[in-house]
4 protein chains.
Amino acid sequence: MTSYFADISPVSYAPTDAPDADGLSFRHYDPSEVVGGKSMQDHLRFAVCYWHNFVGDGSDPFGGQTFDRPWFPADTMDLAKRKADDAFEMFRILGVPFWCFHDHDIRPEGASLRESHDRLNEMADYVGEKMENGGPKLLWGTANMFSNPRYMSGAATNPNPDVFAYCASTVKSCMDVTHRLGGENYVLWGGREGYETLLNTDLNREQQQAGRFLQMVVDYKHKIGFKGAILIEPKPQEPMKHQYDYDVATVYGFLKRFGLEDEVQVNVEQGHAILAGHSFEHELAMARTLGLFGSIDMNRNDYQSGWDTDQFPNNAPEAALAYYEVLKAGGFTKGGTNFDAKLRRQSLDPIDLIASHVGGMDVCARGFKAAHAMLADGALEGPRDARYASWNSADHLTTGKTLEDVAAFAEKHNLDPQPTSGRQEILENIVNRYV
Amino acid sequence: MTSYFADISPVSYAPTDAPDADGLSFRHYDPSEVVGGKSMQDHLRFAVCYWHNFVGDGSDPFGGQTFDRPWFPADTMDLAKRKADDAFEMFRILGVPFWCFHDHDIRPEGASLRESHDRLNEMADYVGEKMENGGPKLLWGTANMFSNPRYMSGAATNPNPDVFAYCASTVKSCMDVTHRLGGENYVLWGGREGYETLLNTDLNREQQQAGRFLQMVVDYKHKIGFKGAILIEPKPQEPMKHQYDYDVATVYGFLKRFGLEDEVQVNVEQGHAILAGHSFEHELAMARTLGLFGSIDMNRNDYQSGWDTDQFPNNAPEAALAYYEVLKAGGFTKGGTNFDAKLRRQSLDPIDLIASHVGGMDVCARGFKAAHAMLADGALEGPRDARYASWNSADHLTTGKTLEDVAAFAEKHNLDPQPTSGRQEILENIVNRYV
Amino acid sequence: MTSYFADISPVSYAPTDAPDADGLSFRHYDPSEVVGGKSMQDHLRFAVCYWHNFVGDGSDPFGGQTFDRPWFPADTMDLAKRKADDAFEMFRILGVPFWCFHDHDIRPEGASLRESHDRLNEMADYVGEKMENGGPKLLWGTANMFSNPRYMSGAATNPNPDVFAYCASTVKSCMDVTHRLGGENYVLWGGREGYETLLNTDLNREQQQAGRFLQMVVDYKHKIGFKGAILIEPKPQEPMKHQYDYDVATVYGFLKRFGLEDEVQVNVEQGHAILAGHSFEHELAMARTLGLFGSIDMNRNDYQSGWDTDQFPNNAPEAALAYYEVLKAGGFTKGGTNFDAKLRRQSLDPIDLIASHVGGMDVCARGFKAAHAMLADGALEGPRDARYASWNSADHLTTGKTLEDVAAFAEKHNLDPQPTSGRQEILENIVNRYV
Amino acid sequence: MTSYFADISPVSYAPTDAPDADGLSFRHYDPSEVVGGKSMQDHLRFAVCYWHNFVGDGSDPFGGQTFDRPWFPADTMDLAKRKADDAFEMFRILGVPFWCFHDHDIRPEGASLRESHDRLNEMADYVGEKMENGGPKLLWGTANMFSNPRYMSGAATNPNPDVFAYCASTVKSCMDVTHRLGGENYVLWGGREGYETLLNTDLNREQQQAGRFLQMVVDYKHKIGFKGAILIEPKPQEPMKHQYDYDVATVYGFLKRFGLEDEVQVNVEQGHAILAGHSFEHELAMARTLGLFGSIDMNRNDYQSGWDTDQFPNNAPEAALAYYEVLKAGGFTKGGTNFDAKLRRQSLDPIDLIASHVGGMDVCARGFKAAHAMLADGALEGPRDARYASWNSADHLTTGKTLEDVAAFAEKHNLDPQPTSGRQEILENIVNRYV
Ligand SMILES: [Co+2]
Ligand SMILES: [Co+2]
Ligand SMILES: [Co+2]
Ligand SMILES: [Co+2]
Ligand SMILES: [Co+2]
Ligand SMILES: [Co+2]
Ligand SMILES: [Co+2]
Ligand SMILES: [Co+2]
């Protein structure tokens, strides 16, 4: 067997300004470069995903498969193994420290639930060996509970209790495998947890089911001693018109409702932030504020398309603002930078798979370094602290004061507070000094 | 003084199908009609707002005032009283049982905080007398903490503590007046509680300020014995790019964070739901599910404009779906149907003000009656119950069961659940039998 | 063979207000009802499409096939015929006078271009016989030049001239078949005529190719004596990020550029109008204004989803405004009302296929009758004429006058024109008297 | 009188990487730097606009004036002159070669049409003297026909012919002044040329009026010997819900309809492109393709806000793609880079006005240089030419060939064209080598 990537050499750091014809070297990402006492590899914790890269076939709602991979249709264990061989070869070429998967990505679904579990375990052994032999570590595992028609009307929120049970078994199997492979997180994305029309939906019941399911997941994590984080990945719509995990703030409310806010964190995706009407940095700042920051799915969404375009990031100034929030949240601990990004339908070749990741990694590295410098210099934090400084001497308005107390102060002094400039454009100029 | 509406007679119910040239009679809204044991007036609890109707001047971001009202510029107490005279005349013509206001709507701002309070109190006396003499009751009062430049960078979330204090005094004065006038609710819309750019914003600090402020408001309510509901009105953006009360789910999380979920409810606006990427009925269903349903701001937002267009509702089928959720939440108790709706810039005449409300009220009445019949017939609830019926005998998957228990059940039976039709189009047809 | 629709009786007109459990009768559409001297069947000219109904399998970007049809996978001629049998049975049950198809819908693609043509011709014979034996007529035919990977980078606009040639052969074969089956129109929808990224696109060259191709199509139409209309169906994006036939106004400019504005008209789809930022009635009014009105694809697009949701219409007031524009354009001559609408992924059953069309047809009929009455009564045209009436005596500003002439008039009279109410809400109320 | 900008020194080029606290120096824009044989000043042709900078007061739909300028309310000729003094001082500090204005910006409206003209002429003399004494040149002039209520229902498209006449006089006066001041272009933005509701609008009549008006403008241009370009600025909506100059392709169709495509070009605004669902570079490429490229309004629109946010550009990679298209169109001849950008409501200070322009100019310079290098290197044009190369030897499919000829070729060879990679990600990487 010849590797699908046989013609492509491992990607290396080549810090020149000269153009190259294929975009196949890092200009900004040197894994071993130390920034602020930590290597870039440890800061960014890049992960490659299995789904878009090895399952995705280029189809879109108006046309079928365009990619031709040697492991397609991947419906036998042999082909699944062939797929794994090429995947780990790609991980090696890119030099990434992590990877991520759904059960559905690495094994063909079996004819029965039990056979699916058996296949998952067999494939876990197969990739586990590769991981031990120099392969990347597992950033996270997850269960695909959205592609099969059985999840058509929801997974844990399905009107049919048998689907709920099927999900329990599926998640358990994926948590077991993630734990066994040393995964640092376990992710839940509720792709079908939502509804198409209120006309046939019992919203409260479905949310109660989701809450109970998540509690069971958390309990099981503790039972098996899995030390990774449980992460929910918010998304507002698509595939369901209304999804229950709309955005970070919605997930926070959900967790509070079921008392799980200390047990579960979020995996924030750029594209999902955009679809929810937010910026990526907003969602990250919100996650930090609410104590939920876990990991990120790095990609970009077309601002004008309205669906999940999952493109590779290519705008360094935008990446800088995102990593600034990551750094303010303390940087990654268990989390990392997973590329939940897919090739365009017309990008057919092995080299497209490699070059897209190289470009994405480089944009992230470039953004990260700018973010780190901005934070180290206090370029934004200095002005920010100054803006709120009066609150440092405002005890007369805070501790133990009532509305009447505070109102009385305003009235006694007949206050007439005057606005001061927010200096937005100046701050934007300052950011442009770094990016 | 001649009333601005001198040429217009009180609007009456005229149940014919014949066209009329000005749209000035009710075809569907008969206040005294009893539906399900309650009069339409008591079901719908219509309110007219003071701001769009008596303050709005037709300006938009590209052009100034087009409306010419006899009380403009309303910058003296005399003009404010003239405005009140005409407002209550309009309330009489429409026959509405409620009205709503901001402090800013009914009194000219004073030269100082204290003078503003004095003027507010004087105007409260003036309108209070009208209310006692046959005028409508007060659905809710609120404070305008967004128009004046002092709120430019936030109200309770301002970087300047003096603005926080100013807000406390303002809200206190408005709660006092609302209480005095027998208001059934007090509303907070955080128009400037949000941010323009993260570059100059301390998100966590600002949200803490908002939480503390709301706690103070709730405490004060109890202290003065105000029995009305405290309502937050969610909105995702505009005027601020990112507002903290994005949608119902976000407000729920905020309330849970500060332990206020049993003290505060929501006033849901159709237009704000749309701007947040939801349907109105979604937001209403979510409010019900989360125990937050309070009141509604009825209007419509252009689905394609992206800003708050605040148009009068004119689509009866859409109104039916909204009132269906209101009815499922138990109908209005303290809340009601407030028209937070404004005339188009080109609708200059007194008759436009009247006709727009007549049309809106009629659309609501028509929608409400359809909703009531759908609910009474079980036209949707029957199929919905059937869809989830298997859960009624699913104790083996619920009480006290762990992920392992449930997974074991699935595996033991090697479950293979099959999808069944969601029947969306059939349900849509059924709705079309009623609307 | 048992028909897929064996359990379903032909749909009939049953004008009651009583609810029905499945929404399977017409309440508003009586094909033989005469309105304004023409039957409803002849006014509306309903057509059922082959693609969404008989090809669509319920898949979405996050999950595969949910529909299970007896003719799937329809990859043999036998299955294609089985599909045709059931399709014409469904046409009979619905009582529609027209149907529409792509080549791709009715025949499995052959192993070669020639085999594809042979299969198309064989299937044309097969369905032609059904049409002659009481089946519906053909509203239009078209070629699918977007699903196969060969069209990945464009059809007539492809960088590869062989694809251009392939398209010529394909369109020729589809025009021949459409002509032979007595089709009343031939449609071109340029699903892949557009671009993903300007970085690899020669915009001018691609548009030139499209223009030349269209000229060839028009010439061929005349050569073979096809009397039907050639229609372009505008759409702004999806599948391509930027499509060349963005909206009606864009298509007009394109036709003018290549001198084809008298040869080609438009097929306007509600959903595509919405995706382009317009209302459906805007696009229809624009088509009328520009002399391009041809036919409509009736459906509805979720206003908030951003992709082509192709749902069945279910809002009668919206349908009324659309048919009002159709009537103002003179009604349909060759065109008709084609349902380019698909079942939701969860609507699995044969009855869902029938009920969805019944509901859609009924909504159209209801809207049409309201539109017809509004037009007959002059309810909108009267006020509209009055609004522009001053232009009837404005010769001093029109014929042969220069900017200086007209300016001189304004200056001589020192004009100070005053605004008058646009009466939008009153007009909306008037519309609500009819719908 | 002390200048409003008294504390601010002329901005200079200071090519360091060191941060600065106020963002008040150019790091990339050196006006005299020669790139490709032309100075950066001559390439970019920067212009500052009068409206956002000297008329804008910080108000938004939810709150009033926040900016406090010494020339406010600018309702006397003295204040208008004070405003001009400060404006030209700002031009000097920035070192820009051009400025732009509406009549409304530079003179207070008179009590009558004639007085407005007199005031315009007086102010033209006043600013003309400043221009001669070292001030910048005039990139373009235009008439504000959207702010005054008389334009509420349209300017040239108004239902009232007197408004049409008023517009003729206004445009004539502005063209005269633009000509007198040596303006290089004259711009028409149809802010009120569109409609709010079709219910009261005669679309065809209004477009005919617009066409006739534009013809008159073009004739007048020739009559007075104005050598500048006449430019239309497309925008899809806001203030009117549907505007007639939706985007470049729509304007092209409009010009073709009235035979004006050789007389009129476009002024493309980034924000308006975004609002129309396009990228800025799409609109620029379309203008080039259609022979309409004239000038640009440089700014940025929030992708998620839906209204015209008119922010200063701050993303260099995006600017690079825009200038790449400008360069492909041959660069600016009469056109230039006008900042149609406004300060955020909270940016109150004189320094905010200066810093925002400095940041914007620097972003443009940085983007321009990257674009120039990409073009000079053939980094994109090389791969693009290769992608379409087969067309260079495709005479058998082009000259004089019919659909039948081309189809016959495909059939004879039984063509089966195979897709090749579009290399989008690789091209994006290449762009990232430059920006
Ligand atoms: Co993701
Ligand atoms: Co995504
Ligand atoms: Co409201
Ligand atoms: Co609103
Ligand atoms: Co269509
Ligand atoms: Co569609
Ligand atoms: Co502009
Ligand atoms: Co703009």
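Residues numbered from 1 in each chain as written. Chains lettered and ligands numbered in written order. Predicted model: local features only at pLDDT ≥ 70, side-chain atom pairs only at ≥ 80, totals over all residues. Heavy atoms only, no water.

The name recorded for chain A in an unreviewed UniProt entry is Xylose isomerase, from Octadecabacter antarcticus 307. As stated in UniProt under Subcellular location (unreviewed entry), the record for chain A gives "Cytoplasm". Word for word, the UniProt comment on chain A under Sequence similarities (unreviewed entry) is "Belongs to the xylose isomerase family." (UniProt positions renumbered as here; feature names shortened; annotations may be inferred.)

Trainee: An account of the overall build of chain A is requested, with residue identities and associated values reported.
Mentor: Secondary structure assignment for chain A yields 15 helices and 12 strands. A compact globule built from 435 residues should have a C-alpha radius of gyration of about 22 Å, and chain A, at 23 Å, falls within 12% of that. Each principal axis of the C-alpha atoms in chain A carries an extent, and together these give about 80 × 60 × 45 Å. Residues counted as buried form 68% of the 435 residues belonging to chain A. Taking all contacts inside chain A whose residues are at least 6 apart in sequence as the whole, residues at least 24 apart take part in 76%. Carbon and sulfur atoms make up 47% of the accessible area of chain A, which amounts to about 13500 Å² in all. Of the charged side chains in chain A, 41 are positive and 62 negative; the average position of the first set lies 3 Å away from that of the second. (Helix = DSSP H or I, 4+ residues; strand = E, 2+ residues; numbered from the N terminus. Rg over C-alpha atoms; globule rule 2.2 N^0.38 Å. Buried < 20%, exposed > 50% of the residue type's maximum accessible area, 1.4 Å probe, protein only. Contact = heavy atoms within 4.5 Å. Areas by Shrake-Rupley, 256 points an atom, 1.4 Å probe, with all protein chains shown as cover. Lys, Arg positive; Asp, Glu negative; His and termini not counted. Charge placed at Lys NZ, Arg CZ, Asp CG, Glu CD.)

Trainee: Outline the interface of chain A and chain B, supporting the account with residue identities and numerical values.
Mentor: Across the contact, 95 residues belong to chain A and 95 residues belong to chain B. Of the roughly 8300 Å² buried at the junction of chain A and chain B (both faces included), carbon and sulfur atoms supply 62%. When the buried surface of chain A facing chain B is broken down by residue, Leu199(A), Trp391(A) and Leu403(A) rank first, second and third, together holding 10% of it. Inspection of the region where chain A meets chain B yields two salt bridges. Across the chain A-chain B interface, the total number found is 38 residue pairs in polar contact (both at pLDDT 80 or more). (Buried area = accessible area lost by both parts, 1.4 Å probe. Salt bridge = Lys/Arg side-chain N within 4 Å of Asp/Glu carboxyl O. Polar contact = N/O pair within 3.5 Å; in protein donor to acceptor, adjacent residues only side chain to side chain.)

Trainee: If you had to explain the packing of aromatic side chains to someone new, which residues and values would you point to?
Mentor: Following the criterion strictly, the structure yields 106 aromatic pairs over all chains and no others. Here Phe146(A) and Phe62(C) contribute two aromatic rings whose centre-to-centre distance is 6.3 Å and whose plane-to-plane angle is 70 degrees, an arrangement assigned as edge-to-face. Taken together, the positions of Phe146(A) in the loop between β5 (137-142) and α6 (161-180) and Phe62(C) in the loop between α2 (51-55) and α3 (77-94) put the pair across two chains. One exposure class covers both Phe146(A) and Phe62(C), and it is buried. Judged by centre distance (5.5 Å) and plane angle (35 degrees), the ring pair of Trp51(B) and Trp140(B) falls under tilted. In this pair, Trp51(B) sits in helix α2 (residues 51-55) while Trp140(B) sits in strand β5 (residues 137-142), placing the two residues 89 residues apart along the sequence. Residue classification places Trp140(B) among the buried positions, given a relative accessible area of 1%. Of the aromatic side chains, those joined through ring pairs into one cluster are Tyr4(A), Phe5(A), Tyr50(A), Phe54(A), Trp71(A), Phe72(A), Phe88(A), Phe91(A), Trp99(A) and Phe101(A). (Phe/Tyr/Trp six-rings, centres within 6.5 Å; stacked < 30°, edge-to-face > 60°.)

Trainee: So, the coordination of the cobalt ion (ligand 3): which residues are in play, and what are the values?
Mentor: Residue and element names in this part refer to chain B. Coordination sphere of the cobalt ion (ligand 3), protein contribution only: Glu 233 (OE), Glu 269 (OE), Asp 297 (OD) and Asp 340 (OD), at 2.0 to 2.1 Å. Separating the cobalt ion (ligand 3) from the cobalt ion (ligand 4) is a gap of 4.7 Å, which Glu 269 spans by donating to each of them. With Glu 269 in strand β10 (residues 264-269) and Asp 340 in the loop between β12 (337-339) and α12 (350-377), this residue pair connects regions lying 71 residues apart in the sequence. Exposure remark for Glu 269: the relative accessible area of 1% places this residue in the buried category. (Donors = N, O, S within 2.8 Å, 3.2 Å for Na, K, Ca; no water.)

Trainee: Explain the UniProt feature "active site" (unreviewed entry) in chain A to me, and be specific about the residues and the numbers.
Mentor: All names here are of chain A. In this numbering, the UniProt entry assigns the feature "active site" (unreviewed entry) to His 102 and Asp 105. Relative to the helices and strands, His 102 resides in strand β4 (residues 98-102). Residue classification places His 102 among the buried positions, given a relative accessible area of 8%. Apart from the residues within four sequence positions on either side, His 102 is in contact with Trp 51, Thr 142, Ala 143, Asn 144 and Phe 146. Considering the arrangement of structural elements, one finds Asp 105 in helix α4 (residues 103-106). Not counting chain neighbours up to four residues away, the residues in contact with Asp 105 comprise Tyr 50, Trp 51, Val 55 and Lys 83. Polar side-chain contacts of Asp 105 include one of 2.7 Å to the backbone nitrogen of His 102.

Trainee: Explain the UniProt feature "binding site: Mg(2+) 2" (unreviewed entry) in chain A residue by residue, including any values.
Mentor: All names here are of chain A. The sites that carry the UniProt feature "binding site: Mg(2+) 2" (unreviewed entry) are, in the present numbering, Glu 269, His 272, Asp 308 and Asp 310. Across 42 residues, the annotated set stays spatially compact, with a maximum C-alpha separation of 10.4 Å. With residues near it in sequence (within four places) discarded, His 272 still touches Trp 189, Glu 233, Pro 234, Lys 235, Pro 236 and Asp 308. Within the secondary structure, Asp 308 sits in the loop between β11 (293-298) and α11 (316-328).

Trainee: An account of the domain arrangement of chain A is requested, with residue identities and associated values reported.
Mentor: Often the size quoted for an interface is simply the accessible area lost on bringing the parts together. The domain boundaries assigned to chain A delineate domain 1 (34-377) and domain 2 (393-434). Its C-alpha centre places domain 1 of chain A at a distance of 41 Å from the equivalent point of domain 2 of chain A. (Domains from an automatic or database assignment.)

Trainee: Please set out the nonpolar core residue by residue, giving values where relevant.
Mentor: Ranked by internal contacts, the top residues of the largest apolar core, which has 263 residues, are Trp99(B), Tyr323(B), Ile354(B), Trp99(C), Tyr323(C) and Ile354(C). In this structure, Tyr323(B) is in contact with Leu44(B), Ile296(B), Met298(B), Phe332(B), Thr337(B), Cys364(B), Phe368(B) and Ala371(B), ignoring residues within four places of it in sequence. Grouped together as the second largest cluster of nonpolar side chains are 262 residues, Met123(A), Tyr252(A), Phe254(A) and Ala341(A) included. (Core = buried A, V, L, I, M, F, W, Y, C linked by side-chain atoms within 4.5 Å.)

Trainee: Describe the coordination of the cobalt ion (ligand 7), listing the residues and the values that go with them.
Mentor: When a metal carries six donors in an octahedron, the ideal angles between them are 90 or 180 degrees, while four donors in a tetrahedron ideally lie at 109.5 degrees. Residues and elements named next belong to chain D. Note on the cobalt ion (ligand 7): its protein donors are Glu 233 (OE), Glu 269 (OE), Asp 297 (OD) and Asp 340 (OD). The metal-donor distances range over 1.9 to 2.1 Å. Considering all four donor atoms around the cobalt ion (ligand 7), angles at the metal cover 89 to 158 degrees and the coordination shape is irregular. Coordination of the cobalt ion (ligand 7) draws on donor residues from a single chain, spaced E-x35-E-x27-D-x42-D in sequence. A spacing of 4.7 Å is found between the cobalt ion (ligand 7) and the cobalt ion (ligand 8), which share Glu 269 as a donor. One end of the pair, Glu 233, is in the loop between β8 (229-232) and β9 (242-243); the other, Asp 297, is in strand β11 (residues 293-298), with 64 residues separating them in the sequence. Glu 233 sits in the buried class, given a relative accessible area of 4%. The class for Asp 297 is buried, based on a relative accessible area of 0%. (Tetrahedral: all angles 85-135°; square planar, octahedral: opposite > 155°, others 65-115°.)

Trainee: Outline the interface of chain D and chain B, listing residues and values.
Mentor: Each partner contributes to the interface: chain D provides 31 residues, whereas chain B provides 31 residues. Of the roughly 2600 Å² buried between chain D and chain B on both sides combined, carbon and sulfur atoms contribute 53%. Looking at the side of chain D facing chain B, the largest losses of area belong to Phe62(D), Met152(D) and Gln346(D), adding up to 30% of the total buried there. Counting the contacts that link chain D with chain B gives four salt bridges. Between Asp302(B) and Lys241(D) there is a salt bridge, with the nearest N and O atoms lying 2.5 Å from each other. Here chain D is connected to chain B by 18 residue pairs in polar contact (both at pLDDT 80 or more). When its residues are assigned to classes, the side of chain D that touches chain B shows 10 nonpolar, 12 polar and nine charged. (Nonpolar A, V, L, I, M, F, W, Y, C, P; charged D, E, K, R; others polar.)

Trainee: Before we move on, can you summarise the relation of the copies chain D and chain B with the specific residues and values?
Mentor: Taken as rigid bodies, chain D and chain B are interconverted by a rotation of 180 degrees and an axial shift of 0.0 Å, the fit giving an RMSD of 0.0 Å. On the angle and the small slide along the axis, the relation comes out as a two-fold axis. In terms of C-alpha distance to the rotation axis, chain D has Gly306(D) as its closest residue, with the C-alpha 2.1 Å off the axis. Counting the interface residues of chain D, we find that 100% of their copies in chain B are interface residues as well, pointing to one common contact surface. (Least-squares fit on C-alpha atoms with pLDDT ≥ 70 in both.)

Trainee: Could you give me a rundown of the relation of the copies chain A and chain B, with the residues and numbers involved?
Mentor: Look at the two chain copies: a rotation about an axis and a shift along it is all it takes to match them. Turning chain A through 180 degrees and shifting it by 0.0 Å along the axis lays it on chain B, with an RMSD of 0.0 Å. Residue by residue, 100% of the interface of chain A is reproduced at the interface of chain B, so both copies engage with the same surface.

Trainee: Go over the packing of helix α6 (residues 161-180) of chain C against helix α7 (residues 203-224) of chain C, please, and point to the residues and values.
Mentor: All names here are of chain C. One can describe the packing of α6 onto α7 by two numbers: an axis separation of 11 Å at closest approach and a directional angle of 30 degrees. Classified by the angle between their axes, α6 and α7 sit roughly parallel to one another. The element α6 and its partner α7 pack so that their crossing is right-handed. Across the interface between the two elements, Phe 164, Cys 167, Ala 168, Val 171, Lys 172, Met 175, Asp 176 and His 179 from α6 touch Gln 209, Arg 212, Phe 213, Met 216, Val 217, Tyr 220, Lys 221 and Ile 224 from α7. In terms of residue class, the contact of α6 with α7 is made up of 10 nonpolar, two polar and four charged. (Axes fitted to C-alpha atoms, helices over the stretch in contact; angles between N-to-C directions. Parallel < 35°, antiparallel > 145°, perpendicular 65-115°, else oblique. Left-handed = near helix turned anticlockwise from the far one by under 90°.)

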